[in-house]
Amino acid sequence: MHPFAYVAPKTVSEAVSVLAEHGDRARPLAGGTDLLVKARANVWDLDAVVDVKNIPELMSLSINGAGLSIGAGVPCCQVYEHKDIQEQYPGIIDGASIIGGIQIQSRAGLGGNLCNAAPSGDGIPALIAYSAVAKISGPNGNREVAVEDFATGPSRTVLENGELLTSIEIPKPAANSGAAYTRFIPRNEMDIAVAGVGVFVQLDSEGKKFESARIALASVGPTPILAQKAGDSLAGKPVNDESIASAASLAKDAASPITDMRGTVDQRKHLVEVLTGRMLNQAIERARG
Amino acid sequence: MVATYETKNDYKVVGNTPIRHDGLDKVTGRAVYGGDVKAPGLIWGEVLRSPHAHARIKKIDTSTAEAMDGVFAVLTHSDFPTVDEREVSTGEDVVNLKRDQSNIMANKKVHYKGHVVAAVAAVDRNTAQQAANVIKVEYEVLSPISNVDDAMADDAPIILEGLVGDHLGEEVENTNVATIFRHEFGDVDNAFANSDIVIERTVSMSMIHQGYIEPHNATAIWAEDGNVTVWSSTQGSFGVRAQTAGMIGVPESKVRVNYVEIGGGFGGKTKVYLAPVAALLSRKSGGRPVKLIMDRSSIFEATGPAPGGKIRMKIGATKDGKITAADTDIMLESGGYPGSAVGAAGLCVFACYNLPASKITGYDVLVNKPKSAAYRAPGSPQASFAIETVIDEICEKGGFDKIQFRLENAAKEGTRRGDGVQFIRVGLEECLESAKESDHWKSPIGDAPEGKARGRGVASAYWMNGGGKSTCDLMLQDDGTVMMNEGSADIGGTRTSIAMQAAEVLGIPIEDFHPSIPDTDSIGFTGVTGGSRTTYATGLAAYNAAHKLVDELKGRLADLWETETANIKFNEGTFTANGDSIGIQELAGKLDPTGGSATATASVNLAEAGNAYGVHICDLEVDLATGKTDVIRYTAIQDVGKAVHPQYAEGQIQGGVVQGLGWALNEEYFITDDGAMANRSFLDYRMPTSLDMPMIDTIMVEVPNPLHPYGVRGVGEVPISPPLSAAAQAIKEATGKSYYELPVKPGRILEALNND
C-alpha cells in the first residue's frame, strides 16, 4: 500500500468527476470493509479513495407506497433496525443481518456488497428475489440496471469508468407475498457462504397457489445467479411439497459451482436444493402471515 | 532420587480465585504488547516471501530496493554468519541453529510458500513493503510435496538436500524421512494371533494452526558496543535470547530480551522468526531500532503449525474386554525442515492403557509446508484421535461399555508407557470413575428435531507435562508487601498462580504481591511457558524462595529477639519464640537494624513432572440434509492434581476443548496443487467462534502430584486432545458412518451420507 488521496465530495457529480479522472485507481468508500482489505492486500493499487458518506442521496433510506430505496452508502444496521423494513422486507433483513459481525454491519452496506461483486455476497440474492434495481450515475448521466445483471464476474460489475452506484430501489411487495434468504456455513456466524439461496413468492389470496416466484443463488457461480426457470416453474402451481421439490431441483440445475476450499461442486449443488426447499417453505409461511 | 511431597488439604490461598495482577492493565488496554513497543528513531522492517512452495533460488537482485529513498538496509541469507549444526534449547524443545537460520531466511532453496527470502529496513512500513516488492528473485520452480505418502515415495524430490536420515539407527541419504524410531515391548504378533477382536485402521489429519490472535512481532537494537536489545512476543524470553544470539553469531550474554505481554502462543511462540532479522537489519542500519510485525496470511503460511499426517493403528482385545496388544505407525509432517511432534506422539499414543504388548514406530517426514512447531500437547491430539477411534470400534464390536472398557484397561501407578517409563501416581482411573458418575454420562442425549440426528462420543488422552528450569526472586518491602520477579511469560494467569504459592507459604495476602516478569539480564534462567510446566515448576521455585525468605527472616528475628534461630517457629504468617510473636508483614517494617530488606531467590531444575489425563464426553447434533454439526453438550473431566486457581484451571480446560473441537470439525490447511495454503485468513481458516460452542462443563479431579508440595499438575495441554475423537465418534453415532479423516467437516459428512 502507498499513500493515496482521500476525497470527500458532497454531491454525486463531484464524486463522479473524481472517479472518472482516476479510472481504476480510484474507488468509492462507503463502509470500507472490502476496500480496506483489498487495498492493504495490494489487490487494488489506489491513488484516490472517494468517501461517499457526505453525499445525501447515498445516505438516504426511505420506504413509501412505491417501495424501498436504500442509498448506496447506508450501512446494514440501519436497514435491519428499521421497523417498516423488518415488516415488509424480511428477506432483505435475512441477508443484511448476517454480513460479518456487529462492528462490520455498522459500517458495511448492501450497496457495497453489490459493488464488491463477490459471488457469495449475502445481501444480493434477496435483492434479486425482490426484483430490485440498481440506480447508477456517471459522466454520461443516470441509468438503471436490474440487480441480477449488476455483477458480471467475481469482483466485476457493469459500472463503467466514472460510474457510481447511488441507490438500490426495491418495489413494494404485492399482497400475499413473502421472501427469505439463508446460506450454508460450517460455523454459525462470521463465515462465508458455501451456498446461499434467496426466494420471493407471491401466493393467491387463499395462500394455496403460487402466483409467481423468484429464486436467486449465491456462491454457486461466478456471480449471484437468478434461477429464472426454477422460480417460473412455480407460477400457477399449488403450494405443496411436490411443487417445492421440483423448483428446488431446477434451482440445483441452475447452480454452476466450482470445487474450492469452501466446498465441492456436488456439496454446493446439493445444498442449493436443500436450501431452496427450506427457503420456499419459510417464504410461504411469511406470505401467509 | 526425586523429591516427593505429602500434600495437605487446608490451604489459605491455594484453591481460591483472586483477581489477576495483570487484569486491569489488560482490560483497559494499558498493557504493553510487542506491537506497542516504541523507541527513538524507530524504523520498520518488511520481508519478501517466496510465492513458490518448493524452488531453488537462482539469483537475488536487491539493487533497486537498496537504491530507493528511505531504505536503510536490505538483508538476505548471505548476511547471516555461518553457524554449525549446533542445537540450542528453547526450554521446551531443541532448535538446530543452522536449519533455523535457513528457515527464517532461505538459503539457496525455498521449502514452502511464504518462506522468507529477503528483508528490508526503511523509514516507514509502506516504504519497506514497496522496497521488498522490488527485490528481484529468480527461481527454478520444483514440484511441491504436500503429504507424507508423496514425501515417502521412491521417486520423491528431496526437500532438504544433504539431510542424512536416522532410520532405526541406520544413516540414510536422499530421503525426506528425517527420523524413524521404534519403542517395543512384548510379543505383538503373538498377542494379535491370540486375540478375539483385532481392528486395524489408518486415520489421517490435516496440518492446523494455533490461531493466536496477536501476530508475531520483534523490535531490535544492535548498538555500537555490540549489545543487542530485543522486544518480542514470546512464550519464553530465554528461548528468544538463545535462538537470536545463536543465529546472529553473538554470545547469549550480549543479547537482552525484554518481556512484553503475549496475546496467545499455544506452543507457536516458542520459535523465533523475526528477532534475528530485526537485529541484523538494525546493525546494517547503523544501530537504529527496527520493528517487524507479521500479517495473518504470513502467520498461517510461514510460522509453526501442528503437523498433519497419517497413523496406522492396530489393536487386539479378548472377548471379555482386555486389550492384548497395540501396534502403530505414526507419520507426521515436520514441514520444510526436520522436527515434528512425532516423538511426543509416540510417548502419548498408548499412555491411557495398560498394555501387555506394544509396538510404536514413528516417522518424521518433510513436506513443502511451514516447519511445524509445538501446539498444545504436541503430538498427543493426533495420537489420541488414532487410538480412540479404534478403541471405540473395539468397544462396539465386543459390546463393551466405553468407559468401563477404558477403566479395565487403564494405565495406573506402575504401568509402563510405550517407551518403557513407569508411571508414578496418576489419575486416569479417577477421571474415568468421575466420568461414569457424571450427570452427562448418566443423562440420555434427548431426541433430535426432525431432519437431525444426535450422537455421543467419549475419548481420553494423556500428556506428560513438563518440568525444567525456573527462577523466582522474592523481596519483602518495608510495608509488608512482596515484590516478586519470575521468569515465566504469563499466558494464562501464571503471575498470580505462582505468587499464590509463595503467598501460601508466607501467610501474606495475595493482593500484597507485586509480580513482575523482568528482562533476561534481571532474572535467573527460566524455560519457556509450555509443556504445562509453569504453575508446577515456576510455582515450585516460588515455594522454595518463600521458604528461604522465612529462614532469612528467622535469622533476622533471632537478632532482634536475642534468641537462637532454632527457637523461632513460623506458622501461617506469624513468628513465635519464648512467648513473643510478630506477624511477617509487621516484621517487614522492623528489619532496618538487622541489615535492611530481606530477599530470597530460588531456582529449580525438575527432571520430571506429574502426568495429566483427561476424559471427555461430547454430545453433538448433525443436520442430515447439510452435514452441519453442532456440539450441544460437552463435559471435560481432568486430573488437575491441585487447582491452584480453579477459574484459570477451568479456563485452560475449556480453551483446550474449543481448540480440539476446531481441529475435529472444521480447521485445516487447504493445500492447492501448487502447494499453497488457499485458506490463509481467519475467514476461511474456520476456527470455532463463541457462537459455535456450548458451555464447556468441567469436572476437575484432584489426584495430587507427589512431585509438588501442593500436588500441582500441568493443566493446559491435555484438554486439546480428547475432543478430536470424542467429536468424531459422536458424529459416527449420529450418522451411522465412520470417519477416519480430520476434519469431519460438513462436506465429508454429506459425502458419507450420500454414498449409500
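Residues numbered from 1 in each chain as written. Chains lettered and ligands numbered in written order. Predicted model: local features only at pLDDT ≥ 70, side-chain atom pairs only at ≥ 80, totals over all residues.

**Observations regarding the overall build of chain A**
Counting secondary structure elements, chain A contains eleven helices and 14 strands. Projected onto the principal axes, the alpha-carbon positions of chain A cover approximately 60 × 45 × 35 Å. Counting only residues that meet the buried cut, chain A has 51% of its 289 residues in that class. Across chain A, the fraction of contacts at a sequence separation of at least 24, relative to all contacts at a separation of at least 6, is 64%. (Helix = DSSP H or I, 4+ residues; strand = E, 2+ residues; numbered from the N terminus. Buried ≥ 20, exposed ≤ 12 C-beta atoms within 10 Å, placed from the backbone. Contact = placed C-beta atoms within 7 Å.)

**Things to note about the overall build of chain B**
When you go through chain B residue by residue, the secondary structure sums to 20 helices and 30 strands. By the compact-globule yardstick of 27 Å for 756 residues, chain B fits well, its C-alpha radius of gyration being 27 Å. Considering only C-alpha atoms, chain B reaches an extent of 85 × 75 × 55 Å along its principal axes. Burial analysis of chain B (756 residues in total) assigns 58% to the buried set. Expressed as a percentage of contacts within chain B between residues at least 6 apart in sequence, the contacts between residues at least 24 apart total 81%. (Rg over C-alpha atoms; globule rule 2.2 N^0.38 Å.)

**Observations regarding the nonpolar core**
Among the nonpolar cores identified, the biggest contains 228 residues, and Val277, Ala502 and Ala727 of chain B are the most heavily contacted of them. Look past the residues within four positions of Ala727 of chain B in its chain and what remains in contact with it is Gly457, Cys618, Leu620, Leu661, Ala664, Leu665 and Val744 of chain B. One finds Ile92, Cys115, Ala117 and Ile225 of chain A within the second-largest nonpolar core, a separate group that totals 91 residues. (Core = buried A, V, L, I, M, F, W, Y, C linked by C-beta atoms within 7 Å.)

**Considering the confidence of the model for chain B**
Residues of chain B with pLDDT of at least 70 account for 99%, and the chain-wide mean is 96. Predicted as a complex, the structure gets a pTM of 0.97 and an ipTM equal to 0.95. (pLDDT = per-residue confidence, 0-100.)

**Let's talk about the pairing of strand S11 (residues 177-184) of chain A**
Residues and elements named next belong to chain A. Most of S11 is tucked away, with eight of its eight residues classed as buried. Residue alternation in S11 divides its side chains into two sets, Ser177, Ala179, Tyr181 and Arg183 and Gly178, Ala180, Thr182 and Phe184, and both sets are buried. Pairing of S11 with strand S12 (residues 195-203) involves eight bridges; the strand directions are antiparallel. Considered in S12, the bridge of Gly178 is made with Val201. (Pairing = 2+ DSSP bridges.)

**So, the interface of chain B and chain A**
With 20 residues of chain B in contact, the opposing surface of chain A contributes 19 residues. When contributions to the side of chain B that touches chain A are tallied by element, the ones reaching two or more residues are helix H4 (125-133) and helix H20 (746-754) of chain B. Tallying contributions element by element places H20 of chain B first for the side of chain B that touches chain A, with three residues. Residue composition of the side of chain B that touches chain A, by class: eight nonpolar, seven polar and five charged. (Nonpolar A, V, L, I, M, F, W, Y, C, P; charged D, E, K, R; others polar.)

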